[in-house]
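Per-entry structural report
One-letter residues, chain by chain:
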Amino acid sequence: MRKCLLSLSILAAVACSSEKSSDHEGHDMDQMESESHEMHEEKPAEAPKSPRTSAMAMTGGNHIHIDYSAPSARGRQIFGGLVAHDEVWVTGAHKATSIQFDQPVTISGKRIKAGKYGFFTIPGESEWTVILNQVWDMHLADDYDQSKDFFRFMVKPNQLSETVEALTFEVKEKDAKTTTIAFSWDKTKISFDVVNAEK
């Protein structure tokens, strides 16, 4: 009888110990799964510092569209600092800026056929060169090739009284045949007219 009672006591103790161990292991597994979930939770993506955007207008049935990245000044010296004078610039950030005409136009007396062009500039202190290049799909001006220029023309920059924080293009209908394209950043602005060409 004593042996029986002793055996029952041992069995009960082993069962109890096994139950506690199982509970403990289950708790550890739950904790590990929770930590793993926390580690793999995606953090919210930060807004890009130079978001991709566009400017466009319809003039006399001609749709003009500019696609560009818009960096912000953020207190930096822009022209003659971040953007060097007298060097080809992508006129934005990241992927090259592009301009597209649905119909032929004239700019500074030059006929431009309908299509999409890379839009580059060479900023100067008293004058800027605006470039329409046959290649628009590139990173910055890394693959810029002057021999692929379709047209270059000169514009004079205007000094602004107030800072334009984010690089901005504007495409606005001026009259039934003419569109004004303006570029502004920091305290500098350039603009030029695009006239619908005779078909």
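Numbering of residues begins from 1 in every chain and follows the order in which that chain's sequence is written. Under the rules for a predicted model, residues below a pLDDT of 70 receive no local features and side-chain atom pairs below 80 are neither given nor counted, while totals for whole chains, interfaces and linings still include all residues. Only heavy atoms go into the side-chain values, all of them from the structure, while hydrogens and water stay out.

**A few points about the packing of aromatic side chains**
To describe a pair of aromatic rings, one takes the distance between the centres and the angle between the planes. For this analysis, a ring pair means two rings from Phe, Tyr or Trp (six-membered ring only for Trp) whose centres lie within 6.5 Å, classed as stacked if their planes differ by under 30 degrees, edge-to-face if by over 60, and tilted for the remaining angles. Considering all chains together, one arrives at 16 aromatic pairs under this definition. Aromatic side chains Trp-89 and Phe-183 sit 5.8 Å apart centroid to centroid with 80° between the ring planes, which places their arrangement in the edge-to-face category. Linking Trp-89 in the loop between strand 2 (62–69) and strand 3 (98–101) with Phe-183 in strand 10 (residues 178–196), this pair joins segments that are 94 residues apart in sequence. The class for Trp-89 is buried, based on a relative accessible area of 11%. Arranged with centres 5.6 Å apart and planes meeting at 45°, the rings of Trp-128 and Phe-183 form a pair that is tilted. Of this pair, Trp-128 sits in strand 7 (residues 128–133) while Phe-183 sits in strand 10; the two residues are 55 residues apart in sequence, bridging distant segments of the chain. Comparing Trp-128 with Phe-183, the two get one shared label, buried. Each member of the aromatic cluster is reached from another via a ring pair, and the members are Tyr-68, Phe-79, Trp-89, Phe-119, Trp-128, Phe-151, Phe-153, Phe-169, Phe-183, Trp-185 and Phe-192. Charges are assigned to positions over rings by a cutoff of 6 Å between ring centre and Lys NZ or Arg CZ, combined with an angular limit of 35 degrees from the ring normal. Taking NZ or CZ as reference, Lys-110 lies 5.5 Å from the ring centre of Phe-150, over its face. Residue placement shows Lys-116 over the ring face of Trp-136; its charged tip is 3.6 Å from the ring centre. Segments assigned H or I by DSSP are reported as helices when at least four residues long, segments assigned E as strands when at least two residues long, and all are numbered from the N terminus. Residue exposure (1.4 Å probe, protein chains only): buried if accessible area is under 20% of the type maximum, exposed if over 50%, otherwise partly exposed.

**Brief notes about the confidence of the model for the protein**
Note: pLDDT gives the predictor's confidence per residue, expressed from 0 to 100. Chain-level pLDDT for the protein is 84 on average; 76% of the residues reach the 70-or-more range. Contact between two residues is taken to exist if any of their heavy atoms lie within 4.5 Å; hydrogens are not considered. With pLDDT under 50 throughout, residues 1–29 is counted as low confidence; its partners more than four residues away or in other chains account for 0 contacts. Of the regions scoring below 50 in pLDDT, residues 32–41 engages in 0 contacts with residues more than four places distant in sequence or in other chains.

**Side note on the pattern of salt bridges**
Opposite charge on two side chains permits them to pair, given that their charged atoms come into close proximity. Salt bridges, as used here, are contacts in which a Lys or Arg side-chain nitrogen is within 4 Å of a carboxyl oxygen on Asp or Glu. The tally for this structure, following the rule as stated, stands at 6 salt bridges. Between Lys-95 and Asp-137 there is a salt bridge whose closest N-O contact spans 3.9 Å. In this pair, Lys-95 is assigned in the loop between strand 2 and strand 3 and Asp-137 in the loop between strand 7 and strand 8 (149–155), connecting sequence segments 42 residues apart. When its relative accessible area of 37% is taken as the criterion, Lys-95 is described as partly exposed. The class for Asp-137 is exposed, based on a relative accessible area of 52%.

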